[in-house]
Number of protein chains: 2
Amino acid sequence: MKFSSKIERCGLSPMRKFHPYALAAEAKGRKIYHLNIGQPDIETPAAFFDAVRGFHQPVLEYAPSAGVPVFLEAVKEYYDRLDIHFDTADMLATTGGSEALEIALACILDDGDEILIPEPFYPNYNTFVQVTGGSIHPIPTTPEEGYHYAERAKIESQINEHTRAIMVTNPGNPTGAVLTREEMRMIVDIAKEHDLFVIGDEVYREFVYGGEKLASLAEFPDAAENVIIIDSVSKRFSACGARVGVLISRNKELMAHAMKICQGRLCSATLDQIGAAALYTVDDSYFAKVREEYKRRRDTAMAKLKEIPGVVCECPKGAFYIMAALPVDDADRFQTWLLEEFEDHGDTVMFAPGESFYATPGKGKNEIRIAYVLKQTDLERAMDLLALGIEAYNKRG
Amino acid sequence: MKFSSKIERCGLSPMRKFHPYALAAEAKGRKIYHLNIGQPDIETPAAFFDAVRGFHQPVLEYAPSAGVPVFLEAVKEYYDRLDIHFDTADMLATTGGSEALEIALACILDDGDEILIPEPFYPNYNTFVQVTGGSIHPIPTTPEEGYHYAERAKIESQINEHTRAIMVTNPGNPTGAVLTREEMRMIVDIAKEHDLFVIGDEVYREFVYGGEKLASLAEFPDAAENVIIIDSVSKRFSACGARVGVLISRNKELMAHAMKICQGRLCSATLDQIGAAALYTVDDSYFAKVREEYKRRRDTAMAKLKEIPGVVCECPKGAFYIMAALPVDDADRFQTWLLEEFEDHGDTVMFAPGESFYATPGKGKNEIRIAYVLKQTDLERAMDLLALGIEAYNKRG
């Protein structure tokens, strides 16, 4: 049977290939410390479950295609508190930030079109872009420069006649890079000058550790036609399994196109939207506590990394990831070796090898992404295992 | 700003255009009887809500990309009871049948490819197909023949070098047509002979009113490589708002491609899958009762339709829709008139005008789809309003 050329160009999750090795290691009795997954361990606020349990209609009906009004109102009020003002008509509730992005890209990209994305980037962007027939054009960065991409010349030099949009994850996955307001302004200006969309994947907005004001590309009303925001409750409230996101733009033509897809798939899950609306009632002390917890973990992971000779890494300002270059020949091979050959008191460690975060072939070979979503003691042990592993790997025969 | 040519070809829901007229009618105090929406009024089994309320994990985590195991097992066992046997690896849990179809089409269709679909068909198929760059090639039918499409010559005459798949909704939306086992065999044979996929959208499987055995295109194991099943809990258990569906195929290459998209969007909602699994514990008496209720409604609607002079319509065998040709010049214009000009004791009625169910321009102009999801007394009143409306519309000056 013949398949779509677009799906042929997509790949399975690059993490999958380590799954059999992990299973084999566990079968040998190894305990694996997971620095490879972005699933937060923070408790989901009880407000979600309370709202879901409080649903007492006899029929679980379709939600409106645009979203359950109480959820859209909750998101609008959340942005109002950030002094960023939308109408609920600027929003469409989606099945996670993932669907928001799928819909936005389907509206924008045609076969042969390009979207600029700083690399390293979240690998699932590949699938979302490939199925449209478009492709990712990377904005190159280096670990030595702390993966800094927000320079006008660096971005503009990558724009060509195929470029339709610039997309940034801010705060960044996998780099933890956080844009300053001036940098956001500059990116928005580039988009305006070149008649491009600028997509801000801002699902990690709350996860900033330098006392920064919570920020959004939507803060620049003069770029209303250009800016698209991808948002989600997944990370904000540790509610990944709810699959509730939101696509936001003041560009009415874009939203009319997006509505076609929303109507086509009828709606996002009704109960989860009701639960998600309730999440927005948690007060700021929730975020303060979560932020403090992650900041402590980041500092722990960074302190441990700095002790490892040859590691190249700047302290990330946000999200819950660290991208680092290791003194190893190949992070993929190192990961396989950690699972097959290494152990310290029966323990080993997993991370996300860096190559899959790059579009440029060969880049990221000695880099890894660390997700610091483990509790303090486990994180310390995991980082020690990484250090011990690097030493042993480079000493092996 | 420039948008994707694919999204430009998609349309908003054709029902939307009547929304302002309906609002205006309600503002004038009119009561509208809705024969236009496929939202069942049957209660969702309590098992769903019980399972959701029984979830007590502290973190609402991502589900596995392929689906929550307890849900996949429940679906497998449901099919086992129908004597249709799958591995859970043949299934991917999706966000409603809609996402199952989106994923299947994204795996199959390339720009310029065609999928054969008997018309009239569910209008949202247009969006799902258009975003792939492919197009719907209709298999024509007529109201006079009861929308019958399952003839070898009729289907084969539409196959050309661009044809990649045949898709049928069985039982049918909007026609209520139900395939015999021989017809299913024939369609599967055509797919095999021409090396095509055959997609069975079987979300209305339980809704058959002639004592038929519950059927599936998956009953023919010799066509394992060709057959794709779209399934969902939405109609089966009146749980539309759960958005839990399943993509099923024994074609391993297809499922590997589909998994790329499933991993890209991470997962479907965790709690809804847990609730959906519990739905499969309801016993057959539930379906017997629901079937009896819908059969009574179908018979009521049909009896009323038969009393209207000039209506062309055969009794549908399944789903909860009737497609009929009316003795009016234009069903769109008739609907607008019903909302703007007509009333009987302050009441009026809405249906789905037929044109949007066709790919062939101009077809379906005097046809409508009736969804008999109203309780008996409301349904009778709605059908009487339709009859009164037709009479008055054709007598107007």
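Here, the structure is the one placed above.
Residues numbered from 1 in each chain as written. Chains lettered and ligands numbered in written order. Predicted model: local features only at pLDDT ≥ 70, side-chain atom pairs only at ≥ 80, totals over all residues. Heavy atoms only, no water.

1. Brief notes about the overall build of chain A
Point 1. A tally of regular secondary structure across chain A gives 13 helices and 12 strands.
Point 2. In terms of overall dimensions, chain A is globule-like: its C-alpha atoms have a radius of gyration of 21 Å, near the 21 Å expected for 397 residues.
Point 3. Principal axes of the C-alpha set define a box for chain A whose edges measure 60 × 55 × 55 Å.
Point 4. Out of the 397 residues in chain A, the part that is buried amounts to 64%.
Point 5. For chain A, contacts bridging at least 24 residues in sequence account for 75% of all contacts bridging at least 6.
Point 6. If you average the places of the 43 positive and of the 60 negative side-chain charges in chain A, the two averages end up 3 Å apart. (Helix = DSSP H or I, 4+ residues; strand = E, 2+ residues; numbered from the N terminus. Rg over C-alpha atoms; globule rule 2.2 N^0.38 Å. Buried < 20%, exposed > 50% of the residue type's maximum accessible area, 1.4 Å probe, protein only. Contact = heavy atoms within 4.5 Å. Lys, Arg positive; Asp, Glu negative; His and termini not counted. Charge placed at Lys NZ, Arg CZ, Asp CG, Glu CD.)

2. Digging into the state of the cysteines
Point 1. All chains considered together, the criterion is met by 0 disulfides over all chains.
Point 2. You can see Cys10(A) has no disulfide; the closest cysteine sulfur is in Cys107(B), sitting 8.6 Å from it.
Point 3. Overall, the relative accessible area of 6% leaves Cys10(A) in the buried class.
Point 4. The thiol of Cys262(A) is unpaired, and the distance to the nearest cysteine sulfur, on Cys107(A), comes to 8.4 Å.
Point 5. Overall, Cys262(A) belongs to the buried group, its relative accessible area being 0%. (Disulfide = S-S within 2.5 Å.)

3. A short note on the pattern of salt bridges
Side-chain pairs of opposite charge can arise where the charged atoms are in close proximity.
Point 1. All told, the structure shown has 64 salt bridges over all chains when counted by the stated rule.
Point 2. For Asp189(B), the salt bridge identified is with Arg185(B), shortest N-O distance 2.7 Å. You can see Asp189(B) and its partner Arg185(B) sitting in helix α8 (residues 181-193), 4 residues apart, about one turn around the helix.
Point 3. One network of salt bridges, with partners in common, ties together Glu202(A), Arg205(A), Glu206(A), Asp231(A) and Arg236(A). (Salt bridge = Lys/Arg side-chain N within 4 Å of Asp/Glu carboxyl O.)

4. Concerning the relation of the copies chain B and chain A
Point 1. Each copy superposes on the other: chain B lies on chain A with an RMSD of 0.0 Å after a rotation of 180° and an axial shift of 0.0 Å. In short, the pair behaves as if placed about a two-fold rotation axis. Minimal C-alpha distance to the rotation axis in chain B is attained by Arg53(B), lying at 2.7 Å.
Point 2. Taken as a fraction of all interface residues of chain B, those also at the interface in chain A reach 100%, which identifies the copy contact as same-surface. (Least-squares fit on C-alpha atoms with pLDDT ≥ 70 in both.)

5. Brief notes about the packing of aromatic side chains
Point 1. Taken as a whole, this structure holds 52 aromatic pairs over all chains when the rule is applied.
Point 2. For the pair Tyr294(B) and Phe320(B), a centre-to-centre distance of 4.9 Å together with 25° between the ring planes defines the contact as stacked. Of this pair, Tyr294(B) sits in helix α11 (residues 284-306) while Phe320(B) sits in the loop between α11 and β9 (321-325), and the two are 26 residues apart along the sequence.
Point 3. A residue is classified by how much of its surface remains accessible, and Tyr294(B), at 1% relative accessible area, is buried.
Point 4. What makes Phe320(B) buried here is its relative accessible area of 0%.
Point 5. Members of the aromatic cluster, each reached through a chain of ring pairs, are Phe71(A), Tyr78(A), Tyr79(A), Phe86(A), Phe237(A), Tyr280(A), Tyr286(A) and Phe287(A).
Point 6. The ring of Tyr294(A) carries Arg297(A) above its face, with NZ or CZ at 5.2 Å from the centroid.
Point 7. Of note, Arg396(A) hangs over the ring of Tyr393(A), and the distance from its end group to the ring centre comes to 3.8 Å. (Phe/Tyr/Trp six-rings, centres within 6.5 Å; stacked < 30°, edge-to-face > 60°. Lys NZ or Arg CZ within 6 Å of the ring centre and 35° of its normal.)

6. Observations regarding the interface of chain B and chain A
Point 1. Across the contact, 79 residues belong to chain B and 79 residues belong to chain A.
Point 2. For the pair chain B and chain A, the summed buried area comes to about 6300 Å², and 55% of that belongs to carbon and sulfur atoms.
Point 3. Where chain B touches chain A, the interface holds 6 salt bridges.
Point 4. In this structure, Lys6(A) and Asp110(B) form a salt bridge, with 3.8 Å as the shortest nitrogen-oxygen distance.
Point 5. For the interface between chain B and chain A, the tally reads 43 residue pairs in polar contact (both at pLDDT 80 or more).
Point 6. If you list the elements that add at least two residues to the side of chain B that touches chain A, you get α1 (5-9), α3 (46-53), α5 (96-108), α6 (124-130), α9 (252-264) and α10 (270-279) of chain B.
Point 7. Here the side of chain B that touches chain A is composed, by residue class, of 35 nonpolar, 23 polar and 21 charged. (Buried area = accessible area lost by both parts, 1.4 Å probe. Polar contact = N/O pair within 3.5 Å; in protein donor to acceptor, adjacent residues only side chain to side chain. Nonpolar A, V, L, I, M, F, W, Y, C, P; charged D, E, K, R; others polar.)

7. Describing the environment of Asp222(B)
Residue and element names in this part refer to chain B.
Point 1. Structurally, Asp222 can be placed in the loop between β6 (197-201) and β7 (227-232).
Point 2. Residues Asp222 and Lys192, 30 residues apart in the sequence, show an inter-C-alpha distance of 9.0 Å.
Point 3. Asp222 has contacts with Arg185 and Lys192, leaving out every residue within four places of it along the chain.
Point 4. Side-chain polar atoms of Asp222 contact the side chain of Arg185, separated by 2.7 Å.
Point 5. Within the local environment of Asp222, its side chain forms a polar contact with the side chain of Lys192, the two groups lying 2.6 Å apart.

8. Remarks on the sheet that holds strand β12 (residues 367-371) of chain A
The strands that make up a sheet are held in pairs by hydrogen bonds between backbone atoms, and each pair lies either parallel or antiparallel.
All names here are of chain A.
Point 1. Spatially, 3 strands are ordered β9-β12-β11 in an open sheet, and the strand pairing comes out antiparallel. Edge positions in the sheet fall to β9 (321-325) and β11 (352-353), since each of these pairs with one other strand and no more.
Point 2. Pairing geometry for β9 and β12, over 5 bridges, is antiparallel. Each bridged residue has a counterpart across the sheet, and for Ala324 the counterpart in β12 is Ile368. (Pairing = 2+ DSSP bridges.)

Worth remembering: the numbers are spatial, not functional.
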